[in-house]
Structures are given as C-alpha cells and as structure tokens.
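Next come the chains, spelled out residue by residue.
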Amino acid sequence: MKIATWNINGVKARIGNLLTWLKESAPDIVCLQEIKSVDDQFPRAEIESLGYNVETHGQKGFNGVALLSKLKFDEVNCRLPGDSDDEQARFIEGVFSTEKGALRVVSLYLPNGNPIGGERFAYKLRWMERFEKWAKERLALEDPMVLAGDYNVIPEPTDARFPENWVNDALFQPESRRAFRQIVNLGFTEATRAVTDSTDVFTFWDYQAGAWQKNNGIRIDFQLLSPEAANLLVSSSVEKHVRTWEKPSDHVPVVTELAI
DNA sequence: ATGGCGAGGTTCCCTCGA
C-alpha cells in the first residue's frame, strides 16, 4: 500500500497537477495540506472519479487538510484535541480496515510559527505539545499508524541546503527541533531518513529568489511511522520532479510503501 | 546586500506562507 503526503498549496489552483500526479503515482491513501478551500468548494468529483473516497477539513482562505483513500473510511476525526478554542484546520485522521487490522493515517499541517518570539511561535509550540500528547495515546493502541504532513520543522542542519539561512526562522529554532525530537522519540520511525542518509533530499523550495534553481531547499514534510507500521516499511521516496511541473506547489509529495 | 513568488480574500492591496 502506498501512502503519500503533499502540501499542495491550494487545491483549486493545483487540481490539474493533483489529477496528473494521482494517475502517475497511484497512491492508495493521500494526505493533503494547505488545501485553502472550504469543504463545499473542494473539487471532490474529479478526485472521486479516479476511485478515491474524499474527506476534508477545510477552512476559508488558508490552512485546511484532506484525506483521499481508495479504501473505505471506517472513521474520520478532525481537529487535534487539547484546545477547543483552536479554530485552525490542521488535522484529520482516518481509520481503515486492512488484513493487518486497523490502519490509522493522519494528515497534519503544523503551524509555521514565524516570527519567533511572538504569539504565533507560542501557538506552534503549544500545538506540538498537544500533538505529542495525542500521539502518545494513539501509540498505545499498537496499530500501524502513519502521521504524515507538513511539520514545518527543519530537524537537523542536514535537512537544509543552507542551514545558516534559517537560524532566525521558527522552523529551525532549538525549541521547535526539540519538540519534534520528543515526538519522534515516542517511538516513531521517520520514513525518509529510514531509507536514506543523503544530505540532498528536500521537500520544499521557496517560489522566491530562485530557490529551486539554486537547490535552496529544506526537508519539512514527513511521515512518522508507528513501530507496527515501520515493521512493514518497503520503500519511501520524495517525488522531486513534481516541482518542475507548470504551476507547481512549493512542496513536493513524499510517498511511502508499506507491506499491507 | 537585498529582493526576486503565489494563493486567496478582506480584491487593484491585504494576509499568509517558510
């Protein structure tokens, strides 16, 4: 089974690329972030026509996450628990039945947190604390589980082509990196790093300043595998070529195959 | 040394992203 994550930067602006990529890559489950659409404007019919079930947690203007799945959804949970005042659409969990039992897949869009030192950075760290608490509880279920999305964290200097550019950015602060490590250290395997130690693997290149041409990239899109999912890991790859397409997202898909 | 883009809504400028 192929499980993918992609920050699409606007599903309505990217529907052509999305359909092309779905046909080419043929993932079974897709986690989308930054759909920038309310639920009733999500272009679900075109996606359904390719054989996907669609569940969205949208928001007007920005944020928004979605799950596309060739498997039927047994359960869908939107919103990360822990703060009923949090109105931002950044989290959707789907549960599926497989021959290995229940499979849990989350599409998450972690807050950016810039500028550092302000309310947005505090929100990012609070969100990560809530996510850690939630993930710890879910791990206790001992199901194959994939927590996939745009984590908005550069975990290590080797995850940026020019790490010195990011020292004052929320994505590369010691607090952000520590919070990410704490989550991974609950017992997750980060799929890309499980298959490569290359220092030239990135998932985001800014539209500005010729970042793509200079390979000024960062690696911030991840799939965290529970032990039960990690034991089924077959392969994982970053689909970098999608960044060369017309009207690309600034992020590219990450695709992981599990032996389910 | 700096900025250089793009999406969507509050539309001819604004916020947001990273």
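- The name given to chain A in an unreviewed UniProt entry is Exodeoxyribonuclease III, with Pseudaminobacter soli as the source organism.
- Its UniProt record gives chain A the following Sequence similarities (unreviewed entry) comment, quoted word for word: "Belongs to the DNA repair enzymes AP/ExoA family."

1. Examining the UniProt feature "site: Important for catalytic activity" (unreviewed entry) in chain A
Next, step 1: In the numbering adopted here, UniProt assigns the feature "site: Important for catalytic activity" (unreviewed entry) to D221.
Next, step 2: On the accessibility criterion, D221 (1% relative accessible area) is buried.
Next, step 3: In contact with D221, other than residues within four places in its own chain, are N7, Q33, G149, D150, T203, H251 and V254.

2. A few points about the protein's contact with DNA strand B
Next, step 1: Residues in contact with DNA strand B amount to 28 residues; listed here are only the nearest, Y109, N112, R120, A209 and I218.
Next, step 2: A breakdown of the atoms of DNA strand B within 4 Å of the protein gives sugar and phosphate a share of 68%.
Next, step 3: One of the side-chain nitrogen or oxygen atoms of N112 is found 3.4 Å away from a base nitrogen of DNA strand B.
Next, step 4: Separating a sugar or linking oxygen of DNA strand B from a backbone N or O atom of Y207 is a distance of 3.3 Å.
Next, step 5: Of the residues belonging to the surface near DNA strand B, the class tally is 9 nonpolar, 8 polar and 11 charged.

3. Section: the packing of aromatic side chains
Geometry of an aromatic ring pair is reported as the spacing of the ring centres plus the angle between the planes.
Next, step 1: According to the stated counting rule, one finds 11 aromatic pairs in the structure shown.
Next, step 2: Between F131 and Y151 the ring centres are 6.1 Å apart and the planes differ by 65°, which places this aromatic pair in the edge-to-face class. Of this pair, F131 sits in helix α3 (residues 119-139) while Y151 sits in the loop between β8 (145-150) and α4 (174-184), placing them 20 residues apart in sequence. Judged on exposure class, the residue F131 and its partner Y151 are both buried.
Next, step 3: Taken together, F91, W127, F131, W134, Y151, F180 and F222 form an aromatic cluster joined through their ring pairs.

4. Overview of unusual backbone geometry
Next, step 1: The peptide bond linking N114 to P115 adopts the cis configuration, its omega dihedral lying at -5°.
Next, step 2: Secondary-structure assignment places P115 in the loop between β7 (101-109) and α3.
Next, step 3: Phi angles above zero are rare outside glycine, and E142 is one such case at about 60°.
Next, step 4: Even without being glycine, A209 reaches a positive phi, approximately 60°.
Next, step 5: Topologically, A209 is positioned in the loop between β10 (204-205) and β11 (217-218).
Next, step 6: Judged by relative accessible area, which is 66%, A209 ranks as exposed.

Here is what the cut-offs are and how they apply
- Residues numbered from 1 in each chain as written.
- Chains lettered and ligands numbered in written order.
- Predicted model: local features only at pLDDT ≥ 70, side-chain atom pairs only at ≥ 80, totals over all residues.
- Heavy atoms only, no water.
- UniProt positions renumbered as here; feature names shortened; annotations may be inferred.
- Buried < 20%, exposed > 50% of the residue type's maximum accessible area, 1.4 Å probe, protein only.
- Contact = heavy atoms within 4.5 Å.
- Near = heavy atom within 4 Å.
- Polar contact = N/O pair within 3.5 Å; in protein donor to acceptor, adjacent residues only side chain to side chain.
- Nonpolar A, V, L, I, M, F, W, Y, C, P; charged D, E, K, R; others polar.
- Phe/Tyr/Trp six-rings, centres within 6.5 Å; stacked < 30°, edge-to-face > 60°.
- Helix = DSSP H or I, 4+ residues; strand = E, 2+ residues; numbered from the N terminus.

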